[in-house]
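These are the residues of each chain, in order.
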Amino acid sequence: MRVLGIETSCDETGVAVVEDGAVRSNVLGTQTDLHERFGGVVPEVAARAHVQALNPLLDEAVARAGVGFSDLDGVAVTVGPGLVGALLVGIAGAKAVALATGAAFVGVNHLEGHIWANFLEHGPPLPPYVCLVVSGGHTMLVHMPAEHRYEVLGQTVDDAAGEAFDKIARFLGLGFPGGPALDRLARDGDPHAIEFPRAMLDSGDYDFSLSGLKTSVLRYVRRAREAGRDVNPADLAASFQEAIVDVQVSKTIAAARELDVRTVLLGGGVVANTRLRERMQKAGAEAGIDVRFPSMALCTDNGAMIAAAGEARLARGERSSFDVAADPGLELAS
Ligand code: KG4
Ligand code: ZN
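Predicted model only: the values in this text are computed from it and were never measured.

Considering the overall build of the protein chain
Here is step 1 of the chain: The number of helices and strands found in the protein chain is 11 helices and 10 strands.
Here is step 2 of the chain: Its C-alpha atoms give the protein chain a radius of gyration of 20 Å, near enough to 20 Å, the size a compact globule of 334 residues would have.
Here is step 3 of the chain: Principal-axis analysis of the C-alpha atoms places the extent of the protein chain at approximately 65 × 45 × 30 Å.
Here is step 4 of the chain: For the protein chain, buried positions account for 54% of its 334 residues.
Here is step 5 of the chain: When contacts within the protein chain are restricted to residue pairs at least 6 apart in sequence, those whose partners lie at least 24 apart make up 74%.
Here is step 6 of the chain: Charge-centre separation for the protein chain: the mean point of 29 positive side chains lies 4 Å from the mean point of 43 negative side chains.

Regarding the pairing of strand 8 (residues 151-155)
Every other side chain in a regular strand lies on the same face of the sheet, so the side chains alternate between the two faces.
Here is step 1 of the chain: Pairing analysis gives 4 bridges linking strand 7 (residues 139-144) to strand 8, with the strands arranged antiparallel. Paired with histidine 143 across the two strands is glutamate 151, which belongs to strand 8.
Here is step 2 of the chain: Here strand 7 folds back onto strand 8 in antiparallel fashion, the turn holding 6 residues, of which histidine 148 has a positive phi close to 70°.

Remarks on the pattern of salt bridges
Here is step 1 of the chain: Scanning the entire structure with this criterion turns up 22 salt bridges.
Here is step 2 of the chain: The shortest N-O distance in the salt bridge between arginine 24 and glutamate 19 comes to 3.3 Å.
Here is step 3 of the chain: We classify arginine 24 as partly exposed; its relative accessible area is 43%.
Here is step 4 of the chain: A salt bridge links lysine 282 to glutamate 286; the shortest N-O distance between them is 3.4 Å. Taken together, the residues lysine 282 and glutamate 286, both in helix 9 (residues 274-287) and 4 residues apart, mark about one turn of the helix. There is no split in this pair, since lysine 282 and glutamate 286 are both exposed.
Here is step 5 of the chain: Salt bridges here are not isolated pairs; linked through shared partners, they connect Glu195, Arg198, Glu242, Asp246, Arg275, Glu278 and Arg279.

Notes on helix 8 (residues 233-259)
Here is step 1 of the chain: If you check helix 8, its first and last C-alpha atoms are 39 Å apart, about what 27 residues at 1.5 Å a residue would give, namely 39 Å.
Here is step 2 of the chain: Burial analysis of helix 8 places 21 of its 27 residues in the buried class, the great majority of the element.
Here is step 3 of the chain: Its side-chain oxygen 2.8 Å from the backbone nitrogen of alanine 234, asparagine 232 forms the N-cap of helix 8.
Here is step 4 of the chain: Count one or two residues on from helix 8 and you reach aspartate 260, which has phi positive near 55°.

Some thoughts on unusual backbone geometry
Here is step 1 of the chain: A cis geometry characterises the amide bond from glycine 80 onward to proline 81, with omega recorded as -10°.
Here is step 2 of the chain: In this model, proline 127 is joined to proline 128 through a cis peptide bond whose omega is 10°.
Here is step 3 of the chain: Within the secondary structure, proline 128 is located in the loop between helix 4 (110-116) and strand 6 (129-134).
Here is step 4 of the chain: For methionine 200, which is not glycine, the phi torsion reads 65° and is therefore positive.
Here is step 5 of the chain: Within the element layout of this structure, methionine 200 appears in the loop between helix 6 (178-186) and helix 7 (211-226).

Examining the coordination of the zinc ion (ligand 2)
Here is step 1 of the chain: Binding of the zinc ion (ligand 2) to the protein goes through His110 (NE2), His114 (NE2) and Asp301 (OD), at separations of 2.0 to 2.1 Å.
Here is step 2 of the chain: Each donor residue of the zinc ion (ligand 2) belongs to the same chain, and together they define the spacing H-x3-H-x186-D. Taken together, the residues span a long stretch of sequence, with histidine 114 in helix 4 and aspartate 301 in the loop between helix 10 (296-299) and helix 11 (303-315) at a distance of 187 residues. Across the pair, aspartate 301 and histidine 114 agree in class, each one buried.

Concerning the site of ligand 1
Here is step 1 of the chain: For ligand 1, the set of nearby residues contains 18 residues, the closest of which are His114, Gly136, Asp166, Asp183 and Gly269.
Here is step 2 of the chain: Take glycine 179: an N or O atom from its main chain is 3.2 Å from an oxygen atom of ligand 1.
Here is step 3 of the chain: For ligand 1, an oxygen atom lies 3.0 Å from a polar atom in the side chain of aspartate 301.
Here is step 4 of the chain: In isolation ligand 1 offers 550 Å² of accessible surface; the protein chains occlude 89% of this area.
Here is step 5 of the chain: Of all elements in the fold, only helix 4, helix 5 (161-171) and helix 6 reach the threshold of two or more residues within the shell around ligand 1.
Here is step 6 of the chain: When the residues that make up the shell around ligand 1 are grouped by side-chain class, the tally is 4 nonpolar, 11 polar and 3 charged.

With respect to the packing of helix 7 against helix 8
Here is step 1 of the chain: Close contact between helix 7 and helix 8 brings their axes to 11 Å; oriented N to C, the two are set at 155°. Taken as axis vectors, helix 7 and helix 8 run roughly antiparallel relative to one another. Crossing of helix 7 over helix 8 shows right-handed handedness. Where helix 7 approaches helix 8, its residues Leu213, Val217, Tyr220 and Val221 are matched on the opposing element by Leu236, Phe240, Ala243 and Ile244.
Here is step 2 of the chain: Partitioning the contact of helix 7 with helix 8 into residue classes produces 8 nonpolar, no polar and no charged.

The rules behind these values
- Residues numbered from 1 in each chain as written.
- Chains lettered and ligands numbered in written order.
- Predicted model: local features only at pLDDT ≥ 70, side-chain atom pairs only at ≥ 80, totals over all residues.
- Heavy atoms only, no water.
- Helix = DSSP H or I, 4+ residues; strand = E, 2+ residues; numbered from the N terminus.
- Rg over C-alpha atoms; globule rule 2.2 N^0.38 Å.
- Buried < 20%, exposed > 50% of the residue type's maximum accessible area, 1.4 Å probe, protein only.
- Contact = heavy atoms within 4.5 Å.
- Lys, Arg positive; Asp, Glu negative; His and termini not counted.
- Charge placed at Lys NZ, Arg CZ, Asp CG, Glu CD.
- Pairing = 2+ DSSP bridges.
- Salt bridge = Lys/Arg side-chain N within 4 Å of Asp/Glu carboxyl O.
- Expected span 1.5 Å × (residues − 1).
- Polar contact = N/O pair within 3.5 Å; in protein donor to acceptor, adjacent residues only side chain to side chain.
- Donors = N, O, S within 2.8 Å, 3.2 Å for Na, K, Ca; no water.
- Near = heavy atom within 4 Å.
- Areas by Shrake-Rupley, 256 points an atom, 1.4 Å probe, with all protein chains shown as cover.
- Nonpolar A, V, L, I, M, F, W, Y, C, P; charged D, E, K, R; others polar.
- Axes fitted to C-alpha atoms, helices over the stretch in contact; angles between N-to-C directions.
- Parallel < 35°, antiparallel > 145°, perpendicular 65-115°, else oblique.
- Left-handed = near helix turned anticlockwise from the far one by under 90°.

Take it as geometry only, folks, not as evidence of what the structure does.
Quick look at the structure:
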C-alpha cells in the first residue's frame, strides 16, 4: 500500500510517502526561524506558515517518491493532539488530496505516529511493548499489549520533558528550540556536578513531574550568583539532563519488568537526546530488555511516522469520515 502522510500539529510541516512500511520520501518544512524571536511556538504564526509550506511540500514528497498523486492508495493525516489551527491546515490538505484522487482517508493520533516511527526501521509491530513517548507536549509511559491497543501507565502531572528542556535552554540563552542545543552543551559537562532532585523517582507509580526540577535549576543559579560563585553552564546542562534521564530510564525499565514485557519502544522529539539514548540502551542491556528507538530524523515530528501509522490502520480496513475534525486534546485511546 502506498500512503501519503501529512503532519502539521505543531511547528513542522511534514509530508512523506510510505510504501509497505518503507519510507519512499520524507520532506520537512521547519518554522524554527519564525518562532525563535518569540522564544516559543506562536499558534497563529504556525498555522499560517503551514498554509504556505504545505502545497510545495506535497508536490516535493510525491516527486521524490517517484509517483504521481493518482498512484496513492491512502492519505493519512495528524488529527490531534496539537495546535488546532495548525492541525486544520494538514487536515484540509489531506481531505483535498483524498477527495481528488479517491485514495482512502484516515486520521492519525500524533502520539501513535511517534510510536510507529519505530516500525519504519525495526520491522513490523510484534507487541507487547512498553512505550515511552517524550516530546514537547507529552511525557507518558504506555503499555501496548496488542497492535493498536494502548493503556496509559502514567504521564507528567505538569510540564512535558521537551518543555523542560526548552525552558532551561532559554534560561541559559541557548535559543529555541532548546533541546538539541542543551544536549550539545551537556556533552562537555559533568552530569554529577550538581545533584538536582529526581522528582517522583520513588513514587511507586509511572507518573512524572518536571516543574520542580526547573525551579531547582533556577534557584541553584540564583543562589550561586548571590554567593558570587561561577556556574559552569555545561555542568548545569549535564546535571539537569541527567536528572530527567534518570527518572525516565528508571520508570521505563520498572514498567517493562512489572508487566514482563521484553521490548521497550521510545518515541518523540526528546528521544533525539544523546544521553537518553545512551542510558536507555545501557539499562535495557543490563535488564535483558530490548530498547528500540527511531533514528534521529524520525524522532522529531515528521510525515513518515504519520504515513506509517496510517498505513497500518488502513490495512485493517479503517477509514475516517471527511467530517473528521481537529482534536487538540486527542487521547491515545485503546
Ligand atoms: O516530537 P517533537 O518534535 O514535537 C512535539 O510533538 O512536541 O518534540 C519536540 C521537542 C522539543 O521540546 C525539543 O526541544 C525536544 O523535542 N528535543 C530535544 C532534543 N531534540 C529535540 N530534547 C532534548 N534533547 C534533544 N537532542
Ligand atoms: Zn511530536
